[in-house]
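Coordinates in review
Each chain is listed here by its residues.
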Amino acid sequence: MGLFSKIKNMFQKKETIEEDKLIETEVNEIDEVIEKVEEKKEFKEEKVVETKNNNVKVYEKGLTKSRQGFVSRLADLTNRYKKVTDEYFDELEEILIMADIGVNTVMEFIDRLRDRVRSEKLDDPEMLKELIVDELFIIYVNDSVLTSKLTFREDGITPMLFVGVNGVGKTTTIGKIGYQLKNDGKKVLLVAADTFRAGATAQLKEWSEKIGVGFFGKEEGADPASVVFDGLKMAQEEKYDVVLIDTAGRLQNKVNLMKELEKMNKVIEGQVEGGATETLLVIDATTGQNGISQAKAFKEITNITGIVLTKLDGTAKGGIVLAIKETVGIPVKYIGLGEAKEDLQVFDIEKYIYGLFKDLM
């Protein structure tokens, strides 16, 4: 073999060795990357599980008053009856009505329960516990596809209107939802179009500073539609993702309020194709049947896409969630289960049913 061939072979071997080393290095680097990705994946999965567990705990804690009153009466009923009788059903009906579930819902529920007791030949009240939970869940869902997710636009800004009478926690709700959306990576603007209630603009501005999002407002008494117009203009210029709009809650003058909301909606539609993606009605759960009356009244004057039920932790009548769905046919999208920003929860029927009946099962 000539010298050139030897040198050539030597370099080829060297290149092969270096290539092998390079490949080994690259493989090691890829393994490290895969390991880091797996670690991140595991961390995310752990965080998701942790978040879900925390949310379940918030439901459990927030529904304590309802559970203690409602479930203790159900447990007492079960203990007093050895067999399922007409008297048992009468007392069960009364307990459910007292929980503010709604008379029509309760009547339908009792009929369904009677049918299942007959068809499955059940006579032990203890065995009815699971059936009660099951049937209440079925009645809420009612063969429909329910979603508590808010609707967002993929392109441009997403305006959302918040309506509700004064004192239900509307401004606070806007602040809490704004906080959650900001944490989801969205650029949020709060618009103070409730220009008639004293201090409403200042309160919303305070919330914007507290959660670190944008704010637009004018002086008290300004035309609400003009506030919305200028607020949307600012949102477009400064490339905001979501605009949360506070509105007046003067339900005692429905005609004026309807005209005001119509004017706002026209302004929104004029600036954003398709208009507002959500019109959320905020109701105070502690007002019980009065809250349901508000839902009916607002549904008459504007297109409500979802309910936000505040202060559910402050009432023993947690059944109002079922009553609202049955009465007005609008899904509950959020429930307030405490004062903290994190206590406003996206509504989950399974967590709600579990939180309500946890001590019964």
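This text goes with the structure placed above it.
These notes cover the structure that comes with them.

The rules we used
Residues numbered from 1 in each chain as written. Predicted model: local features only at pLDDT ≥ 70, side-chain atom pairs only at ≥ 80, totals over all residues. Heavy atoms only, no water. Helix = DSSP H or I, 4+ residues; strand = E, 2+ residues; numbered from the N terminus. Contact = heavy atoms within 4.5 Å. Buried < 20%, exposed > 50% of the residue type's maximum accessible area, 1.4 Å probe, protein only. Pairing = 2+ DSSP bridges. Phe/Tyr/Trp six-rings, centres within 6.5 Å; stacked < 30°, edge-to-face > 60°. Core = buried A, V, L, I, M, F, W, Y, C linked by side-chain atoms within 4.5 Å. Axes fitted to C-alpha atoms, helices over the stretch in contact; angles between N-to-C directions. Patch = residues over 30% accessible without salt bridge, like charges linked within 9 Å, V, L, I, M, F, W, Y side chains within 5 Å. Areas by Shrake-Rupley, 256 points an atom, 1.4 Å probe, with all protein chains shown as cover. Salt bridge = Lys/Arg side-chain N within 4 Å of Asp/Glu carboxyl O.

1. Digging into the environment of Ile324
Along the polypeptide, Ile324 turns up in helix H11 (residues 320-328). Along the primary structure Ile324 and Lys296 are separated by 28 residues, whereas in three dimensions their C-alpha atoms are 9.2 Å apart. Not counting residues up to four positions away in its chain, the partners in contact with Ile324 are Ile283, Ile292, Ile307, Leu309, Gly329 and Ile330.

2. Considering the pairing of strand S1 (residues 158-163)
Taking burial as the measure, the 6 residues of S1 include 6 buried ones, the bulk of the element. Looking at chain direction, S1 and strand S5 (residues 278-284) are connected through 4 bridges and run parallel. Residue pairing for S5: Val163 is matched across the bridge by Leu281.

3. Topic: the packing of aromatic side chains
Under the criterion given, the structure shown has 3 aromatic pairs. Between Tyr88 and Phe89 the ring centres are 5.8 Å apart and the planes differ by 80°, which places this aromatic pair in the edge-to-face class. You'll find Tyr88 and Phe89 in the same group, each marked buried. Aromatic pair Phe347 and Tyr352: ring centres 5.6 Å apart, planes at 55°, arrangement tilted. By relative accessible area, Phe347 is classed as buried at 6%.

4. Topic: the nonpolar core
In this structure, Phe70, Leu92, Leu244, Leu309 and Tyr352 are the most contacted members of the largest nonpolar core, which totals 85 residues. Ranked by residue count, the leading element in this core is helix H5 (residues 125-141), at 7 residues. Sequence-distant contacts of Leu309, defined by excluding residues within four places in its chain, comprise Ile283, Ala285, Ile320, Val321, Ile324, Val332, Tyr334, Ile335 and Gly336. Met264, Val267, Ile268 and Val272 belong to the second largest nonpolar core, which has 20 residues in total.

5. Comments concerning the sheet that holds strand S6 (residues 306-310)
In space, the 8 strands of this open sheet follow the order S3-S2-S4-S1-S5-S6-S7-S8, with mixed pairing throughout. With partners counted over all chains shown, the strands left at the sheet margins are strand S3 (214-216) and strand S8 (344-346), one partner each. Each adjacent strand pair in this sheet contributes to an overall mean axis angle of 25°, direction not counted. Helix H6 (residues 170-183) rests against S1, strand S2 (188-192), strand S4 (242-246), S5, S6, strand S7 (332-336) and S8 of the sheet, and its axis sits at about 170° to S4. Against the sheet, H11 engages S5, S6 and S7, with an angle of about 155° to S6.

6. Some details on a nonpolar patch on the surface
Residues Ile97, Val103 and Met107 make up a contiguous nonpolar surface patch of roughly 240 Å² in combined accessible area. With respect to the secondary-structure elements, Met107 resides in helix H4 (residues 103-119).

7. Notes on the pattern of salt bridges
Side chains carrying opposite charge are able to pair once their charged atoms draw close together. A complete count under the given rule lists 17 salt bridges for this structure. In this structure, the salt-bridge partner of Asp76 is Arg80, at a minimum N-O distance of 3.0 Å. Residue Asp76 and its partner Arg80 are located together in helix H2 (residues 64-80), separated by 4 residues, close to a single helical turn. Its relative accessible area of 38% is what places Asp76 among the partly exposed residues. Taking relative accessible area as the criterion, Arg80 reaches 45% and is therefore assigned partly exposed. For Glu91, the salt bridge is made with Arg80, and the minimal N-O distance between the two is 2.5 Å. Of this pair, Glu91 sits in helix H3 (residues 86-98) while Arg80 sits in helix H2; the two residues are 11 residues apart in sequence, bridging distant segments of the chain. On the basis of relative accessibility, which here comes to 25%, the residue Glu91 falls in the partly exposed class. The network of salt bridges with common partners includes Glu108, Arg112, Arg116, Glu120, Asp134 and Glu135.

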